[in-house]
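# Architecture at a glance
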Number of protein chains: 2
Amino acid sequence: MLFFTQCFGAVLDLIHLRFQHYKAKRVFSAAGQLVCVVNPTHSLKYAPTRCTAAQTSVEQGVLPPCHHHEAVHDPQLVPCTCPLFSCPWEGHLEVVVSHLRQTHRINILQGAEIVFLATDMHLPAPTDWIIMHSCLGHQFLLVLRKQEKYEGHPQFFATMMLIGTPTQADNFTYRLELNRNQRRLKWEATPRSVLECVDSVISDGDCLVLNTSLAQLFSDNGSLAIGIAITTSKVHNAEAEM
Amino acid sequence: MLFFTQCFGAVLDLIHLRFQHYKAKRVFSAAGQLVCVVNPTHSLKYAPTRCTAAQTSVEQGVLPPCHHHEAVHDPQLVPCTCPLFSCPWEGHLEVVVSHLRQTHRINILQGAEIVFLATDMHLPAPTDWIIMHSCLGHQFLLVLRKQEKYEGHPQFFATMMLIGTPTQADNFTYRLELNRNQRRLKWEATPRSVLECVDSVISDGDCLVLNTSLAQLFSDNGSLAIGIAITTSKVHNAEAEM
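Remember, it's a predicted structure, so these values are computed and weren't measured experimentally.

What counts, and at which threshold
- Residues numbered from 1 in each chain as written.
- Chains lettered and ligands numbered in written order.
- Predicted model: local features only at pLDDT ≥ 70, side-chain atom pairs only at ≥ 80, totals over all residues.
- Heavy atoms only, no water.
- Salt bridge = Lys/Arg side-chain N within 4 Å of Asp/Glu carboxyl O.
- Helix = DSSP H or I, 4+ residues; strand = E, 2+ residues; numbered from the N terminus.
- Buried < 20%, exposed > 50% of the residue type's maximum accessible area, 1.4 Å probe, protein only.
- Phe/Tyr/Trp six-rings, centres within 6.5 Å; stacked < 30°, edge-to-face > 60°.
- UniProt positions renumbered as here; feature names shortened; annotations may be inferred.
- Pairing = 2+ DSSP bridges.

This part takes up the pattern of salt bridges. All names here are of chain B. Taken as a whole and judged by the stated rule, the model has 18 salt bridges over all chains. A salt bridge links Asp 199 to Arg 145, with the nearest nitrogen and oxygen atoms 2.5 Å apart. In this pair, Asp 199 is assigned in helix H6 (residues 198-204) and Arg 145 in strand E8 (residues 138-150), connecting sequence segments 54 residues apart. The same class applies to Asp 199 as to Arg 145, namely buried. Note that Arg 175 is salt-bridged to Glu 177, the shortest N-O span being 3.7 Å. A residue is classified by how much of its surface remains accessible, and Arg 175, at 27% relative accessible area, is partly exposed. Using a relative accessible area of 10% as the deciding quantity, one classes Glu 177 as buried.

Structural data, given as structure tokens:
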């Protein structure tokens, strides 16, 4: 009987997951966008320092600085850009993608427009949802982070970074879109380069920021669907005129 | 000499204001939108209670409830909907607009698309920027509020409310748009009715929310330009299908 109950539970879970996936697809995919279910990872990057110096700086609303290596001897080598782990790897920019894929098991998706379905939004901060997105001949890193900038008040920060140089990044525009319950929130910006630090982008707040109540409004059963589109950037017309 | 210096200062101020107005117009008004400069008002609504009970509730992240009258005898009468002042007035919904205009001196603007240029964003919380917007045969109240939900961390909240019933409000969609520095943030939602309380919309966070760093990125010389558009709502296609 217990076996039967457990099996039935597992089947229900599968049906629920399938249904959620289907719903996200319906919301975003008139043009048949790819929906990718992204599971959370508890960020381990600052674990060793979290109890001491980092704690103080988080209380002051300041994030600990990026953990880069003390000396990069070859200027063409870049450190590992994985936002999750403090990793001693360094290598050429061209092989960052394969390092992230193989060592940190970050998935990569193809397509101009995809839907990023982040599950388990209720998990406590700090938590990251990460994926790579291959598009227009380049690879991008999408990071959704749950973090407590103000103690006891977790917020969600989403940004997209080009795995390339800042000059290459200037050629693109990325759009993140939330759409649910007759509400729609869109963020459009030029991606930063992964050579800049994802932590500083988030601590500067120069990204899509959601407080918990907005995240709940846009979530469905604890999952948040973010529509992602990348285009080659035309400088915004109005600004170009100025 | 002093007189000359002061006159020169005043002329410079005028030129600066004109230039700001012109810039906001350029950013938003390819189609000749109306730009309205909105000055801040320090919110006096909760002034008497702010030092005692309200202080406690703000620290807990809860706003004091709406100050409605203890007994409205005629069910067709509504209390004053001005978000700034606790006002004993009550009247029919049809005369709320003229009350807000005459008694609380809230400006009203015509046009399907306008630009709301909020000045002096640096002023301390609580501060409100308010205007009425007449469009599609109805009047809307736009409220931008600077408020400290978390002590020491002011945020900006922007929402649009219909001066009408909730059923009437369901027929519209409003859009608020920020556009500067190659970043664009858009919020679309169904307006709430002014019969619901603006304070609860803001404390629920069901509106456009900006933290200080994002507000600075979108501001120009301490002024924030918000593009506003109202349309009759087509239920978002994708959701309607579900």
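This is not the end of the story, as more comes after the structure.
This next bit is on the packing of aromatic side chains. Taken as a whole and assessed by the stated rule, the structure comprises 7 aromatic pairs over all chains. Note on Tyr150(A) and Tyr150(B): the rings are 5.7 Å apart at their centroids and 50° apart in plane angle, and the pair reads as tilted. Of the two residues, Tyr150(A) sits in strand E8 (residues 138-150) while Tyr150(B) sits in strand E8, which places them in two different chains. One exposure class covers both Tyr150(A) and Tyr150(B), and it is buried. A ring pair is formed by Phe218(A) and Trp187(B), whose centres lie 6.3 Å apart and whose planes are at 90°; its orientation type is edge-to-face. Of this pair, Phe218(A) sits in helix H6 (residues 212-218) while Trp187(B) sits in strand E11 (residues 183-189), on two different chains.

Moving on, we come to the UniProt feature "domain: Seven-in-absentia protein TRAF-like" (unreviewed entry) in chain A. Under the feature "domain: Seven-in-absentia protein TRAF-like" (unreviewed entry), the UniProt entry names residues 134-228 of chain A. Within residues 134-228 of chain A, the helical portion is 19% and the strand portion 58%, while the C-alpha atoms at the span's ends are 12 Å from each other.

What follows deals with the pairing of E8(A). Residues and elements named next belong to chain A. Where burial is concerned, most of E8 is hidden: 10 out of the 13 residues are buried. Taken together, the 9 bridges between strand E7 (residues 127-135) and E8 define a ladder with antiparallel strand orientation. Of the residues in E8, the one forming a bridge with Thr 127 is Lys 146. Counting the residues that bridge the hairpin from E7 to E8 gives 2 residues, and of these Leu 136 lies at a positive phi of roughly 55°. Count of turn residues in the E8/strand E9 (residues 153-162) antiparallel hairpin: 2 residues, of which Gly 152 carries a positive phi of about 85°.

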